[in-house]
Amino acid sequence: RARTGHAHAPGTRTHRARAAAMKDLLVGIFDGKIPPELLKPSIGNIQPSFVDYDESGHVLAKGFDNDRAIQDYEEALQDMMENGGFANPAVGQICAGLITLYDAKAGITKDAQYYDRAVEYITMMQQAIQAGLGDAAATDPTYQVLEIRKQKLRRKKDRRLAKGAPSPELQSLLKQRPERKREER
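Note that the coordinates shown come from a computational prediction; the quantities given were computed from them, not determined experimentally. (Residues numbered from 1 in each chain as written. Predicted model: local features only at pLDDT ≥ 70, side-chain atom pairs only at ≥ 80, totals over all residues. Heavy atoms only, no water.)

Colleague: Looking at this model, I keep getting lost on the pattern of salt bridges. Mind explaining?
Modeller: A pair can form between side chains of opposite charge whenever their charged atoms are brought close. In the structure shown here, the tally under the stated rule is seven salt bridges. The salt bridge partner of R117 is E74, with a shortest N-O separation of 2.8 Å. Of this pair, R117 sits in helix α4 (residues 113-133) while E74 sits in helix α2 (residues 67-82), and the two are 43 residues apart along the sequence. In this structure E74 comes out as partly exposed when scored by relative accessible area, which is 23%. The closest approach of N and O atoms between R117 and E120, which form a salt bridge, is 2.8 Å. On the criterion of helical spacing, the pair formed by R117 and E120 is a turn pair, its members being three residues apart in helix α4. Accessibility expressed as a relative area gives 27% for R117, which makes it partly exposed. Residue class for E120 comes out partly exposed when judged on its relative accessible area of 43%. If you follow the salt bridges from partner to partner, you end up with E74, R117 and E120 in one network. (Salt bridge = Lys/Arg side-chain N within 4 Å of Asp/Glu carboxyl O. Helix = DSSP H or I, 4+ residues; strand = E, 2+ residues; numbered from the N terminus. Buried < 20%, exposed > 50% of the residue type's maximum accessible area, 1.4 Å probe, protein only.)

Colleague: Teacher, can you tell me more about the side chain of K150 here?
Modeller: Relative to the helices and strands, K150 is located in helix α5 (residues 141-163). Overall, the relative accessible area of 8% leaves K150 in the buried class.

In structure tokens, the structure reads:
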């Protein structure tokens, strides 16, 4: 076996250990077998996933948690960066997903720090475009749309900070988790 000089090169002990530890994001999609940890309870056993907040008809998400998805995709992004860096075409796609996840998390949890994370991933996605296009990246429509979205997220963050922290009542509603209905006998 030829030595490549890279600790994570295929065939090395480090590579095999990392490959064994990586999560397969496609597990259960093609083989028809669903692992127990991915099984969802039947819809009839879950209470509604929202709470009526006021008389205007607005509702709040209840039990919203995309932390597991964020963690899985950040790990996948780290693997993609180690295997090709910005030249890896999956980097931009994973960043796009993380931008959406953090934007949604910020909107639902009313926590402005998540807008900063979304902006970080927009910047990373723009760097990936720059790596592929060089100086022409600034004229790329996708790059320009990302810049517009970055400005929009910054405005959303400013508005959230201007509103201040949610009221204690709203904070308690945001922390509620979905409950299982009692099994009917």
